[in-house]
Amino acid sequence: MWKMIVRRFLILIPQLLFISVVVFILAYFMPGDALSGLVDPTMTAEDIERQRELIGLNEPLPVRYVNWISAIIFEGDFGQSYGHKRAVTAVIGDRVSNTFWLSLVMLILTYLIAIPLGILAGRFGGKWPDKAILFYVFVAMSMPTLVLGILMILTFSFNLGWFPSSGSVNAIVLSQGTNWEIFVNRVHHMTLPAMTGALLGTVGIIFMLRANIIDRTASEYVKLARSKGVPTRVIFNKHILRNSIIPVTAGVGFAIAGLLMGVLFIEQIFGYPGMGSLFFESIGRRDYAVVNALIILFSVLTALGMLISDILLTVVDPRIQVQ
Amino acid sequence: MSEQEKLLQIRQLETAFRLEGKYYNAVDFVDLDINKNEVFAIVGESGCGKTALALSILQLHNKNFTRIRGSITYNEKELLGLKEKELNQIRGNEISMIFQDPLTALNPLLRVGAQIEEALYYHTDLSKRERKTRAIELLTAVGMTDPELTYKQLPHELSGGMRQRAMIAIALSCDPKLVIADEPTTALDVTIQAQILDLMRKLQKDMHSSILLITHDLGVVAEMADRVTVMYAGQIVEYGTADMIFKNPKHPYTRSLLASIPNVGENLDRLNAIKGVVPTLRDMPRTGCRFAPRIPWINAFCHEEKPSFHEVEPNHFVLCTCYEDFHFESEE
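Residues numbered from 1 in each chain as written. Chains lettered and ligands numbered in written order. Predicted model: local features only at pLDDT ≥ 70, side-chain atom pairs only at ≥ 80, totals over all residues.

Let us now look at the overall build of chain A. Helix and strand counts for chain A stand at 13 helices and 2 strands. A principal-axis box enclosing the C-alpha atoms of chain A has dimensions of 85 × 55 × 40 Å. A burial count over chain A gives 29% of its 323 residues as buried. Here the analysis covers contacts within chain A between residues at least 6 apart in sequence; of these, 73% occur between residues at least 24 apart. (Helix = DSSP H or I, 4+ residues; strand = E, 2+ residues; numbered from the N terminus. Buried ≥ 20, exposed ≤ 12 C-beta atoms within 10 Å, placed from the backbone. Contact = placed C-beta atoms within 7 Å.)

On to the overall build of chain B, then. Tallying secondary structure elements over chain B gives 10 helices and 12 strands in all. Relative to the globule expectation of 20 Å for 332 residues, the C-alpha radius of gyration of chain B, 21 Å, shows essentially globular dimensions. For chain B, the spread of C-alpha atoms along the three principal axes comes to 65 × 50 × 45 Å. Going through the 332 residues of chain B one by one, you find that 45% of them count as buried. Considering only contacts within chain B whose residues lie at least 6 apart along the sequence, 64% involve residues at least 24 apart. (Rg over C-alpha atoms; globule rule 2.2 N^0.38 Å.)

Now for the domain arrangement of chain A. All names here are of chain A. When cut into domains, chain A gives domain 1 (2-88) and domain 2 (89-316). Contacts between the two partners involve 27 residues from domain 1, matched on the other side by 20 residues from domain 2. Elements with a minimum of two residues in the side of domain 1 that touches domain 2: helix H1 (2-29), strand E1 (80-81) and strand E2 (86-87). Tallied by class, the residues present in the side of domain 1 that touches domain 2 amount to 12 nonpolar, 11 polar and 4 charged. (Domains from an automatic or database assignment. Nonpolar A, V, L, I, M, F, W, Y, C, P; charged D, E, K, R; others polar.)

Take the packing of H1 of chain A against helix H13 (residues 288-316) of chain A next. Residues and elements named next belong to chain A. The geometry of H1 relative to H13 is characterised by a closest axis approach of 10 Å and an angle of 150° between their N-to-C directions. Overall, the two elements H1 and H13 adopt an arrangement that is roughly antiparallel. Where H1 crosses over H13, the handedness of that crossing is right-handed. For the pair H1 and H13, contact is made by Ile5, Arg8, Leu12, Gln15, Leu16, Ile19, Ser20, Val23, Phe24 and Ala27 and by Tyr288, Val291, Asn292, Ile295, Ile296, Ser299, Val300, Ala303 and Leu307, respectively. In terms of residue class, the contact of H1 with H13 is built from 14 nonpolar, 4 polar and 1 charged. (Axes fitted to C-alpha atoms, helices over the stretch in contact; angles between N-to-C directions. Parallel < 35°, antiparallel > 145°, perpendicular 65-115°, else oblique. Left-handed = near helix turned anticlockwise from the far one by under 90°.)

Glancing now at helix H4 (residues 88-123) of chain A. Compared with the 52 Å implied by 1.5 Å per residue over 36 residues, the 50 Å span of H4 of chain A between its first and last C-alpha is a close match. Taken as a whole, H4 of chain A carries its principal kink of about 35° at arginine 95 of chain A. (Expected span 1.5 Å × (residues − 1). Bend = angle between axes of the 7 residues up to and from the residue.)

Within the largest apolar cluster, 106 residues are counted, with the highest numbers of intra-cluster contacts made by Ala41, Leu212 and Leu213 of chain B. Grouped together as the second largest cluster of nonpolar side chains are 34 residues, Phe78, Val88, Leu102 and Ala198 of chain A included. (Core = buried A, V, L, I, M, F, W, Y, C linked by C-beta atoms within 7 Å.)

Contacts between the two partners involve 25 residues from chain B and, on the opposite side, 19 residues from chain A. For the side of chain B that touches chain A, the secondary structure elements donating two or more residues are helix H2 (84-90), strand E6 (95-98) and helix H3 (112-123) of chain B.

Quick look at the pairing of strand E3 (residues 39-43) of chain B now. Side-chain direction in a regular strand flips from residue to residue, so the side chains alternate between the two faces of the sheet. Residue and element names in this part refer to chain B. Summarising burial for E3: 5 of the 5 residues are buried, a large majority. Residues Val39, Ala41 and Val43 point to one face of E3 and Phe40 and Ile42 to the other, with burial holding for every one of them. Of the pairings in the sheet, the one linking E3 to strand E8 (residues 210-215) comprises 5 bridges and is parallel in character. Across the sheet, residue phenylalanine 40 finds its bridge partner in E8, namely leucine 212. (Pairing = 2+ DSSP bridges.)

Turning our attention to the sheet that holds E6 of chain B. Residues and elements named next belong to chain B. The strand order across the open sheet built from 8 strands is E6-E7-E8-E3-E9-E10-E12-E11, with neighbouring strands paired in mixed fashion. Only two strands of the sheet have a single partner each, and these edge strands are E6 and strand E11 (309-313). Shown here is a sheet whose adjacent strand axes are inclined to one another by a mean of 20°, direction ignored. As paired elements, E11 and strand E12 (residues 316-319) share 4 bridges and run antiparallel to each other. Following the sheet pairing, histidine 310 is matched in E12 by valine 318. Against the sheet, helix H6 (residues 160-172) makes contact with E6 and strand E7 (178-182), and its axis sits at roughly 175° relative to E6, the strand it touches most.

Turning our attention to the sheet that holds strand E4 (residues 66-74) of chain B. With antiparallel pairing, the 4 strands of this open sheet are ordered in space as E2-E1-E4-E5 (chain B). Each edge of the open sheet carries a strand with a single partner, namely strand E2 (22-35) and strand E5 (77-78) of chain B.

This part covers helix H6 (residues 145-159) of chain A. Residue and element names in this part refer to chain A. Over its 15 residues, H6 extends 20 Å from the first C-alpha to the last, a length consistent with the 21 Å expected when each residue adds 1.5 Å. When we look at burial in H6, the residues that qualify are Gly149, Met152 and Ile153. Summarising the contacts, the buried residues of H6 are in contact with helix H8 (179-217) and helix H11 (252-269). A positive backbone phi angle near 70° is found at glycine 161, which sits one or two residues after H6.

So, on to unusual backbone geometry. All names here are of chain B. Located in the positive-phi region is glutamine 59, a residue other than glycine, with phi close to 55°. Tracing the chain through its elements places glutamine 59 in the loop between helix H1 (50-58) and E4. Among the residues examined, glutamine 59 registers 20 C-beta atoms within 10 Å and is labelled buried. Even without being a glycine, asparagine 75 presents a positive backbone phi close to 50°. Mapped onto the fold, asparagine 75 is located in the loop between E4 and E5. For asparagine 75, a count of 14 C-beta atoms within 10 Å puts it in the partly exposed group.

With 99% of its residues at a pLDDT of 70 or more, chain B has an overall mean of 88. Predicted complex metrics record ipTM = 0.87 and pTM = 0.79. (pLDDT = per-residue confidence, 0-100.)

Residues and elements named next belong to chain A. Look at H4 against helix H12 (residues 275-284): their axes get within 8 Å of each other, and the N-to-C directions meet at 140°. Our classification of the angle between H4 and H12 gives oblique. Together, Val91, Ile92, Arg95, Val96 and Thr99 of H4 and Met275, Gly276 and Leu278 of H12 make up the contact between the two elements. For the contact of H4 with H12, the class distribution of residues is 5 nonpolar, 2 polar and 1 charged.

Further remarks concern the environment of isoleucine 11 of chain A. Examined against the element boundaries, isoleucine 11 of chain A turns out to sit in helix H1. The spatial distance from the C-alpha of isoleucine 11 of chain A to the C-alpha of leucine 199 of chain A is 34 Å, given a sequence separation of 188 residues.

Spelled out as structure tokens, the structure:
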């Protein structure tokens, strides 16, 4: 098991290097550079040129790449954000924990909703619980994040006033409250965005789990188990459910990757100060140092998600043996 | 026949499947008796209702789409209409099943040992350790070379033949009185088939149980069966002892089936296939001789309007009178 994990991390290194090259080249071809957002109308062309020379923008592309990547690898330095006039790591560091907790809560909520609903729909395939759940699945499938997000804000924040419509924590609570009050306040802020993401994220999982359960119920090994006189409830838990949950587990990695992309939009809609809003701000400002760092961070998280689902698979599927 | 003890009696069995809201009989008023300590074979092409009949005994069909009527009595106990809980007392314990495809019929996530012990858990009061001992005994009995290892293996680690042996071990785990074997050798290659058949025959003799053998393979029937029933389009068309059916086949369907087996050494340009196909559930003729459309060169008045059984020799029965005038098309 540990060997596999170490090996997976080793494979990650060339993958990430490749991503970094692609990201760097893409940023290079984008219009504008780090200075475009900072140019003052009073500046002369020579001033700009001098500044470009100073920060190394006139070096050839490979040299710039090597400078960038070696700073990351050897010093953990992602460079300076020209937009924020601070180190990229510091800029991201402020936001990363917000996004991390939001994503985690969203992921947990997603599975908490999806697995019971998927099981229910599969167990009562074709009957009314199944039909009701399928109705929800189709609505959620065709619902854009933006629309649901705005509906949630309109209903629960504007009309009912139960939850705040934006932000991650109330500034007054943050400065004066106890730790417990701050925690409660953060959860309160997180609820709407996390629910929005979870309600939409459940779709694929419910659908897959339902289809698996219906498929396994008709399988030959379930017939064999029935012919042995195993009670129905045991057959469902031991023979049907266990075989159905494996593909869902394999999907956790993809769910984590998809989640990160979903979070980007949800943070925008709910004005949640996380990496998502930072990402879009930075693209707008041509702050490529931040954009590149974020993409690499997302890549690492995606790869970690895949690793997590592989580890989970070895736990639930005895056929997978790690050598 | 009457002096032998009856184990299972099937009377007027109808197994109907629902298609677009209407029920169609896949098994159409079938009567049969299985005695103690015999191998009873049901033969027929695919789609004749053999498997539908086999699954009806333990009621393993999906209840939402199936309707079973008539009577199935096991040791004078009526099985139809029993509650799921009562059926589970009989399933695996008194009557067990061997399925066609050992690749799909074993749960891929459970170790072979666990799948054998599952039946023991519900039908015996053996302790955990005794169950393991019994499972290894069974694996030895079905001819596993390394039963201790197989006990711990997952189905995908076994070959097709070994998986079928494991399935036989499961079926035999609680000393059932009747084993229903639904095409037990169809998914195996020929050399393995022979081994599995020998094994089943031997175990049947040792355990004094009966086997209901469902197959389309007449070679398997010849090797195994004491008595044979031929099924066509949901009905029984001929039944008798294996000797009678093979030496003196009467019904045109039985004769056509036997004629369709190519003999080694005989040089045939074309195989003697039976014309046409078994009618689908929906298009099945419900009156007259159901085999008539596949032997169109036989005069219509040779068939009975309401086919009934005729005793051609003691204990050998044939449905419909068309057997009297039947000849193969090539013999005209």
